[in-house]
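# Working through the structure, step by step
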Amino acid sequence: MNAFERDWAGLLPELVHIIARNVIDIFDFIRFRAVCKTWRSVTTIADLSPQFPWLLSPSHGRPDLQFYSIAFNKSFAIHAPKFANKTFFHPCRGSMLVLLGQHYTSLINPLSDTEIPLPILRAESAYDPWVGSQNFQSGDYVVFRGFGTKFHVFKPGDNKWIDMEVDYGSTYFHWNKFIVIMDACVTKVIDLSTNETVFVVPPPWNAYKWSASKIMFTLWSPHFLIESSGEVLLVTYLDKRFEIYRLEIGNDKGDPLWVEVTSIGDRMLFLDFQNDFGDFSIRAGDFGGLNLKGNCIYSIRVKDQLKCPSCYAVERYDIEAATTEYIHLHMGDITWYRPALDHT
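Everything quoted here is computed from the prediction, not taken from an experiment. (Residues numbered from 1 in each chain as written. Predicted model: local features only at pLDDT ≥ 70, side-chain atom pairs only at ≥ 80, totals over all residues. Heavy atoms only, no water.)

### A short note on the overall build of the protein
- Of the regular secondary structure elements, the protein holds 5 helices and 24 strands.
- The burial tally for the protein puts 47% of its 344 residues in the buried class.
- Looking at the protein alone, contacts between residues at least 24 apart form 45% of all its contacts between residues at least 6 apart.
- Accessible surface, the protein: about 17300 Å² in total, of which carbon and sulfur atoms supply 52%. (Helix = DSSP H or I, 4+ residues; strand = E, 2+ residues; numbered from the N terminus. Buried < 20%, exposed > 50% of the residue type's maximum accessible area, 1.4 Å probe, protein only. Contact = heavy atoms within 4.5 Å. Areas by Shrake-Rupley, 256 points an atom, 1.4 Å probe, with all protein chains shown as cover.)

### Quick look at a nonpolar patch on the surface
- A cluster of nonpolar side chains, contributed by Leu 12, Leu 15 and Ile 18, occupies part of the molecular surface with about 270 Å² of accessible area.
- Residue position: Ile 18 is located in helix H1 (residues 13-21).
- Its relative accessible area of 49% is what places Ile 18 among the partly exposed residues. (Patch = residues over 30% accessible without salt bridge, like charges linked within 9 Å, V, L, I, M, F, W, Y side chains within 5 Å. Salt bridge = Lys/Arg side-chain N within 4 Å of Asp/Glu carboxyl O.)

### Topic: the pairing of strand S21 (residues 296-304)
- Among the 9 residues that make up S21, 7 are buried, leaving the element largely enclosed by the rest of the structure.
- For strand S19 (residues 267-272) and S21, the ladder comprises 5 bridges, and the chain directions are parallel. Bridged to Asp 272 within S21 is Ile 300.
- In this sheet, strand S22 (residues 308-318) lies alongside S21 in antiparallel orientation, the contact comprising 8 bridges. Residue pairing for S22: Arg 301 is matched across the bridge by Ala 313. (Pairing = 2+ DSSP bridges.)

### Concerning the nonpolar core
- Trp 54, Leu 56, Leu 65, Phe 67, Phe 83 and Met 96 are the most contacted members of the largest nonpolar core, which has 22 residues in total.
- Secondary-structure elements contributing two or more residues to this core are H1, helix H2 (26-33), strand S1 (54-57), strand S2 (64-69), strand S3 (74-79) and strand S5 (95-100).
- Here the element with the most residues in this core is H2; it accounts for 3 residues.
- Non-local contacts of Trp 54, meaning those with residues more than four positions away in its chain, are made with Ile 26, Phe 27, Phe 67, Tyr 68, Ser 69, Phe 76, Ile 78, Leu 111, Thr 335, Trp 336, Tyr 337 and Pro 339.
- Met 268, Phe 270, Ala 284 and Val 302 belong to the second-largest nonpolar core, a separate cluster that totals 18 residues. (Core = buried A, V, L, I, M, F, W, Y, C linked by side-chain atoms within 4.5 Å.)

### As for H2
- The set of residues buried in H2 consists of Ile 26, Phe 29, Phe 32 and Arg 33. Buried positions in H2, seen along its axis, are confined to an arc of 110 degrees and lie on one side of it.
- The N-cap residue of H2 is Asp 25: its side-chain oxygen and the backbone nitrogen of Phe 27 are 2.9 Å apart. (Arc of directions from axis to C-beta. Polar contact = N/O pair within 3.5 Å; in protein donor to acceptor, adjacent residues only side chain to side chain.)

### Digging into the pairing of S2
- As paired strands, S1 and S2 are joined by 4 bridges and run antiparallel to one another. If you follow Ser 57 over to S2, its bridge partner there is Gln 66.
- Sheet analysis places S2 next to S3, joined by 6 bridges and oriented antiparallel. By the bridge assignment, Ser 69 is partnered in S3 with Lys 74.

### A short note on unusual backbone geometry
- Positive phi, close to 60 degrees, is recorded for Asn 195, a residue that is not glycine.
- At Lys 240, a position not held by glycine, the phi torsion is positive, near 65 degrees.
- Looking at the element boundaries, Lys 240 is found in the loop between strand S16 (231-238) and strand S17 (241-248).

### Section: the sheet that holds strand S11 (residues 171-175)
- An order of S11-S12-S13-S14 is seen for the 4 strands of this open sheet, with the pairing classed as antiparallel. For this open sheet the edge positions go to S11 and strand S14 (196-201), each flanked by a neighbour on one side alone. Direction aside, the axes of adjacent strands within the sheet are offset by 20 degrees on average.
- Inspection of the sheet shows strand S13 (residues 187-191) paired to S14 by 5 bridges, in the antiparallel sense. What sits directly across from Lys 188, in S14, is Val 200. (Axes fitted to C-alpha atoms, helices over the stretch in contact; angles between N-to-C directions.)

### Side note on the packing of aromatic side chains
- All chains considered together, the criterion is met by 19 aromatic pairs.
- Seen from their ring centres, Phe 52 and Phe 287 are 5.8 Å apart, and the 85 degrees between their planes marks the pair as edge-to-face. Of the two residues, Phe 52 sits in the loop between helix H3 (37-42) and S1 while Phe 287 sits in the loop between strand S20 (280-283) and S21, which places them 235 residues apart along the sequence. Note on accessibility: Phe 52 and Phe 287 belong to one class, buried.
- One aromatic cluster is present, built from ring pairs that chain together Phe 52, Phe 270, Phe 280, Phe 287, Tyr 298 and Trp 336.
- The ring of Phe 72 carries Lys 74 above its face, with NZ or CZ at 5.7 Å from the centroid.
- The lysine or arginine in question, Arg 301, covers the ring of Phe 273, its NZ or CZ lying 4.0 Å from the ring centre. (Phe/Tyr/Trp six-rings, centres within 6.5 Å; stacked < 30°, edge-to-face > 60°. Lys NZ or Arg CZ within 6 Å of the ring centre and 35° of its normal.)

Below, the structure written as structure tokens:
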């Protein structure tokens, strides 16, 4: 070996870890671990940097999943044989709900090829497929909204679905062990384990004295419930502007209420106007190598329902400036996907 050659396989393990944690593209990370046996042996999935969400196109039974990375402006496909002849729904924390024939059967992570079986549930029993879990290994719940006011609830480790009846609502949201139900009058927080209502929250317009016209238009306009850094946020969209409210439980002091929020710090919200229950929140600071700006909302919507109903626009809304910019235009249905190499 001459003086200019290096035995890169002999790098100190702590240096390999530092380098791996600064590889921000998941595919570069996979290539990094494939350089040699030593680098692979001293690095794990835990060394992977958080991944900025991708856009995912439906597979319609094809074994190749089509993705687009906003952060790196590139499209790519992942071969996932377990998706052949199957249909998937609502990606959630790296996993997807799988429909085989007329039955929902499992959750599959296409990157790690790991699968969590579910008790058989006929598709006709579910009005909205809803994978509500944030962390499957923590024993969190998986929830389907059935027809009417019926819900189907499954907790990993059980061997059957539990049916439960809840009150009617226009918006439903799964948060930890609770279902949050919102309608025109109140928001109810229901404990999944007991089916008991633990909180009843008046609508935000009670506290902020909205006009009757604003209340009416808000109820008919898109609104979202989303978990963000342990908080429940209500996001409304009206006249090309977003408004955000935080659910204040009060820690047993006073009545719970919605509090208006004018900034979410370095957080970024991801909303899908076309697909229910695909909304989530991440922090810009977790993606140091991408130089991202927080306090914004990324959304997917049909660009023009009349002229091009299959054109989907990805937009970024600056909460402080109340301005919107287009960042990507996609032909065909898409949804958000949070890449992860495991079900955690």
